[in-house]
Amino acid sequence: MRRIPAGASAAPCRKASPVLAFFLGALVFVSGCSVTGPRPAAPPPLASELPAALGAWRVEQLPGEAGARLAVLARSERTPPARFRVIVVPGSGCAGMGPWAERYFAGLLHASVLVLHKPGVDPFARTSPGDCAPGFVQQDRLSIWLAHARAALQADDLAQQNRGAAALPQLLVGISEGAELLPGLAPHVPRLAGLVLLSASGLDPRQAGALQAQRLGAAADWEALGAKVGGGLPDSTVVQGRSLGYWRDLWHWPVARPLLDSPWPVLQVWGSDDALVPAVAYGQFALQVQQSQQRGAGHAPAAWCARRLEGADHGLQRPARPGQDAMDGVQLTWAWLEQWARAPHAGMCASLER
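Small disclaimer: the values here were computed from a predicted structure and weren't measured.

Participant: Please clarify how the overall build of the protein should be interpreted in this entry.
Facilitator: Regarding its fold elements, the protein presents 11 helices and 13 strands. Counting across all 354 residues of the protein, residues that qualify as buried make up 51%. In the protein, once contacts between residues fewer than 6 apart in sequence are set aside, the share between residues at least 24 apart is 74%. Accessible surface, the protein: about 15400 Å² in total, of which carbon and sulfur atoms supply 56%.

Encoded structure:
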């Protein structure tokens, strides 16, 4: 049994609300007891046994803030010539993208790829979202992740210059929760040609979370969580599987307005059968974009294009069904980007219109 420090208040143990699936990135239930933990500690160091390479992928490290090290996966273009570079911010949880990177990014033929990981995350870990270590839970909040990712991208740019790498156009790709960092990272990416949102609504996460809670009949749990966010418990208190520091960041994290004000093109791809982000969330962001476009220049992205993939899930996968073929929406997205890279002057949305 977990011991509660003297004087700390705690809610009765209960399973986390199903709304947690939206934030943990998987349909799982985790312990939802409200407990006060220790003060946030430094992220655990990366394992020294990380492989230097795995197939076409290299495992490298980039500096984050305050001496932290971020593991990254890097891969050169599969097919010359290199036409563009893709920088990827993965979704929530503490698993790495290493085990499936080769398959996931297979369709990026003429692009080099850089995949960031949060501090302390082994790029080959398969840890389920509900089993992340307490130290990770304490450090996992959007403001901390953004600061580390900014530092890593600045170091990456310097390393690219020192290597004399080709000055290719770059795309920032955010997968689910990772898309919430894109507006804050975009100004730190030279030659940025556009933002790509995969299975991310574009709304502020608090608004998107409320819509998911409504869909799952968990609005009361969401309201109770909001009361704790505004209460006096310390940031280290764990509620619904996340620290209150995480929830407090999320409650005030802007995404929609920065995207609408973006001087860069925005491509958004999502599945109609997404169980973690409701269709109404995608629809509300689309309405905001349309309203911004009607107000004229300076009130909408340089270009915005969205594609709803019928029958696809949160991972943009559609299984084969009677009368309907299976579909890998991720590879379809990469094919669109490859088409754009052949004629970038036509704009990022042109390939979706063909």
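Participant: Hey, could you run me through the pattern of salt bridges in this one?
Facilitator: One side chain can pair with another of opposite charge once the charged atoms of both are near each other. Inspection of every chain in the model, using the stated rule, returns 13 salt bridges. Of the charged contacts, one joins E102 and R78 as a salt bridge, the two residues approaching to 2.7 Å between their closest N and O atoms. With a gap of 24 residues between them, E102 in helix α2 (residues 101-104) and R78 in the loop between β3 (69-75) and β4 (84-89) connect regions that are remote in the sequence. According to the relative accessible area criterion, E102 is partly exposed, its value standing at 36%. Owing to a relative accessible area of 39%, R78 belongs among the partly exposed residues under this scheme. Here R242 ties to E177 by a salt bridge, and the two come within 3.7 Å at their closest N and O atoms.

Participant: What exactly am I supposed to notice about the packing of aromatic side chains here?
Facilitator: Each aromatic ring pair is characterised by the separation of its centres together with the angle its planes make. Overall, the coordinates contain 10 aromatic pairs when judged by the stated rule. Considering the side-chain rings of Y246 and W247, the 5.2 Å spacing of their centres and the 80° angle between planes classify their relative orientation as edge-to-face. Measuring from ring centre to ring centre gives 4.1 Å for W270 and Y282, while their planes differ by 10°; the resulting arrangement is stacked. Taken together, the positions of W270 in strand β10 (residues 266-271) and Y282 in helix α10 (residues 279-295) put the pair 12 residues apart, joining distant regions of the chain. In this structure an aromatic cluster arises from ring pairing among W57, Y104, F105 and W334. The cationic tip of R242 hangs over the ring face of Y246; the distance from NZ or CZ to the ring centre is 4.1 Å.

Participant: Even after reading the chapter, I still don't get unusual backbone geometry, so can you show me in this structure?
Facilitator: If a residue is not glycine, its phi is most likely negative; likewise, a peptide bond is most likely trans. For the bond running from P80 to P81, omega is 0°, close enough to zero to count as cis. Position of P81 among the secondary structure elements: in the loop between β3 and β4. Even without glycine at this site, L316 takes up a positive phi of about 65°. Mapping L316 onto the fold places it in the loop between β11 (304-309) and β12 (317-318).

Participant: Looking at this structure, how should I read the nonpolar core?
Facilitator: General note: in soluble globular proteins, nonpolar side chains tend to be found buried as a group. Core analysis: the largest hydrophobic core is formed by 43 residues, its most contacted members being L116, L172, L181, L185, L195, L197 and F285. Formed by 36 residues, the second largest nonpolar core is a distinct cluster that contains V59, L171, L198 and M327.

Participant: In this structure, what is going on with the side chain of R318? I would like to understand it.
Facilitator: Its place among the elements puts R318 in strand β12. No salt bridge is formed by the buried R318; its nearest oppositely charged neighbour, D325, is found at 6.3 Å. Those residues within four positions of R318 in sequence are excluded, and the remaining contacts are E310, G311, A312, Q324, D325, A326 and M327.

Participant: So what exactly am I meant to see when it comes to helix α7 (residues 219-229) here?
Facilitator: In an α-helix, one full turn covers 3.6 residues, which means residues spaced three or four apart are oriented alike. Along α7, the residues that are buried comprise W222, L225 and V229. Down the axis, α7 shows its buried residues gathered within 60° of arc, on one side only. Residues of α7 that are exposed and point more than 90 degrees away from the buried face comprise A220, E223 and A227.

Participant: I would appreciate a short explanation of the state of the cysteines in the present structure.
Facilitator: Throughout this description, disulfide means a covalent bond between two cysteine sulfur atoms. Taken as a whole, this structure holds 2 disulfides when the rule is applied. With a sulfur-sulfur separation of 2.1 Å, C94 is cross-linked through a disulfide to C132. Because the sign of the S-S torsion sets the handedness, a value of about -100° for the bond joining C94 and C132 places this disulfide among the left-handed ones. Of this pair, C94 sits in the loop between β4 and α2 while C132 sits in the loop between β5 (111-116) and α3 (134-139), placing them 38 residues apart in sequence. Per residue, the accessibility class of C94 equals that of C132, and both read buried. In this model, C305 is linked to C349 through a disulfide, with the two sulfur atoms separated by 2.4 Å. Taking the torsion about the S-S bond as the criterion, the C305 to C349 disulfide, at about -90°, is left-handed.

Parameters and conventions
- Residues numbered from 1 in each chain as written.
- Predicted model: local features only at pLDDT ≥ 70, side-chain atom pairs only at ≥ 80, totals over all residues.
- Heavy atoms only, no water.
- Helix = DSSP H or I, 4+ residues; strand = E, 2+ residues; numbered from the N terminus.
- Buried < 20%, exposed > 50% of the residue type's maximum accessible area, 1.4 Å probe, protein only.
- Contact = heavy atoms within 4.5 Å.
- Areas by Shrake-Rupley, 256 points an atom, 1.4 Å probe, with all protein chains shown as cover.
- Salt bridge = Lys/Arg side-chain N within 4 Å of Asp/Glu carboxyl O.
- Phe/Tyr/Trp six-rings, centres within 6.5 Å; stacked < 30°, edge-to-face > 60°.
- Lys NZ or Arg CZ within 6 Å of the ring centre and 35° of its normal.
- Core = buried A, V, L, I, M, F, W, Y, C linked by side-chain atoms within 4.5 Å.
- Lys, Arg positive; Asp, Glu negative; His and termini not counted.
- Arc of directions from axis to C-beta.
- Disulfide = S-S within 2.5 Å.

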